[in-house]
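Here is what each chain is made of, one letter per residue.
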Amino acid sequence: MKFTFPPAPQPSVAIAESGERFPVRRIFCVGRNYAAHAREMGNDDRDPPFFFTKPADAVVGDRAVIPYPAATTDLHYEAELVVAIGKGGTNITQAQALSHIWGYGVGIDLTRRDLQRAAKSAGKPWDMAKGFDSSAPCGAIHPASQVGHLASGRICLDVNGVIRQDADLSDMTWGVPEIIAALSGLVELAPGDLIYTGTPEGVGQIKRGDTITVAIDRLGSLTISLA
Ligand code: MN
């Protein structure tokens, strides 16, 4: 095949304790998956979660220095468990879901909250609030064959050393098997897909010069800073 110009590099994420990298195909995200966060955003915690996407090349790794994004004065962090899919499929059952997971990582769903607020009130799409450049920091992927599957465990985020989010994965409204079952009923999942599984309460604003660290039990941590 002859391309008219060189294709973009394959987006990828580090794999823990390995020289190999996890090739990223697509990035899916779950909205409102922790009841207390849904409430802090003014939503009914009984609403079912829903999905949005970010471009695959929005992914950046541990220690990334991210330029403060354009077109916002209200950039927010959202600490999230990231599920890395290793085996694709459609209409995956909850019982089969875990067998489709390659591993897990620590992520941040960076959000231009002012643009999201405007989109929500105008009934417009969230894409530009969620899917901007470098909006999907993700730490090293830990293989499920080594860390097992994560249904519980502490997830916490600090900004410049001050804890701002501190919750447990078991607080999720929809667990990982339910997320995979629901998402695979909407699209055919494929190896390389990442799923950001939603954030607990305590979201807030970050500014130029801030350093943000997220940690999840068994998955280590992810640190980024804003330039
Ligand atoms: Mn989120």
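Quick caveat: nothing in here was measured; it's all calculated off a predicted structure.

### Remarks on the overall build of the protein
When helices and strands are counted, the protein shows six helices and 18 strands. Expected size for 227 residues packed as a compact globule is a radius of gyration near 17 Å; at 17 Å, the protein falls within 12% of this value. A principal-axis box enclosing the C-alpha atoms of the protein has dimensions of 45 × 40 × 35 Å. Sorting the 227 residues of the protein into buried and exposed places 52% on the buried side. Long-range pairs, those at least 24 residues apart, make up 75% of the contacts in the protein with a sequence separation of at least 6.

### Points about the confidence of the model for the protein
Per-chain confidence: the protein averages 96 in pLDDT, with 99% of residues scoring 70 or above. For the protein, helix H1 (residues 35–40) is the element with the lowest average pLDDT, namely 84, and strand S11 (residues 136–137) is the one with the highest, namely 99.

### Some remarks on the packing of aromatic side chains
Scanning the model with the defined rule gives three aromatic pairs in all. Residues Phe52 and Trp126 carry aromatic rings whose centres are separated by 5.7 Å and whose planes lie at 55° to one another, so their mutual orientation is tilted. In this pair, Phe52 sits in strand S4 (residues 50–54) while Trp126 sits in the loop between helix H3 (113–122) and helix H4 (127–130), placing the two residues 74 residues apart along the sequence. By relative accessible area, Phe52 is classed as buried at 10%. Since its relative accessible area comes to 17%, Trp126 is described here as buried. Members of the aromatic cluster, joined through ring pairs, are Phe50, Phe52 and Trp126. Seen from the ring of Phe132, Lys54 lies directly overhead, with NZ or CZ sitting 5.9 Å from the centre.

### Comments concerning the pattern of salt bridges
Enumeration according to the criterion identifies eight salt bridges in this entry. Connected through salt bridges with shared partners, the residues Lys54, Glu78, Asp109, Arg113 and Lys130 form a single ionic network.

### Concerning H3
Every buried residue belonging to H3 is among Arg113, Asp114, Gln116 and Ala119, and all of these are buried. On its buried side, H3 packs onto strand S7 (75–77), strand S10 (111–112) and H4. Gly123 lies just past H3 and shows a positive phi near 65°.

### Comments concerning unusual backbone geometry
Of note in the backbone geometry, Arg63 takes a positive phi value of approximately 75° without being a glycine. Note that Arg63 resides in the loop between strand S5 (59–60) and strand S6 (65–66). For Arg63, a relative accessible area of 61% gives the class exposed. Its identity as a non-glycine residue notwithstanding, Ser134 has a phi of 60°, on the positive side. Assignment of secondary structure puts Ser134 in the loop between H4 and S11. We classify Ser134 as buried; its relative accessible area is 18%.

Parameters at a glance
- Residues numbered from 1 in each chain as written.
- Predicted model: local features only at pLDDT ≥ 70, side-chain atom pairs only at ≥ 80, totals over all residues.
- Heavy atoms only, no water.
- Helix = DSSP H or I, 4+ residues; strand = E, 2+ residues; numbered from the N terminus.
- Rg over C-alpha atoms; globule rule 2.2 N^0.38 Å.
- Buried < 20%, exposed > 50% of the residue type's maximum accessible area, 1.4 Å probe, protein only.
- Contact = heavy atoms within 4.5 Å.
- pLDDT = per-residue confidence, 0-100.
- Phe/Tyr/Trp six-rings, centres within 6.5 Å; stacked < 30°, edge-to-face > 60°.
- Lys NZ or Arg CZ within 6 Å of the ring centre and 35° of its normal.
- Salt bridge = Lys/Arg side-chain N within 4 Å of Asp/Glu carboxyl O.

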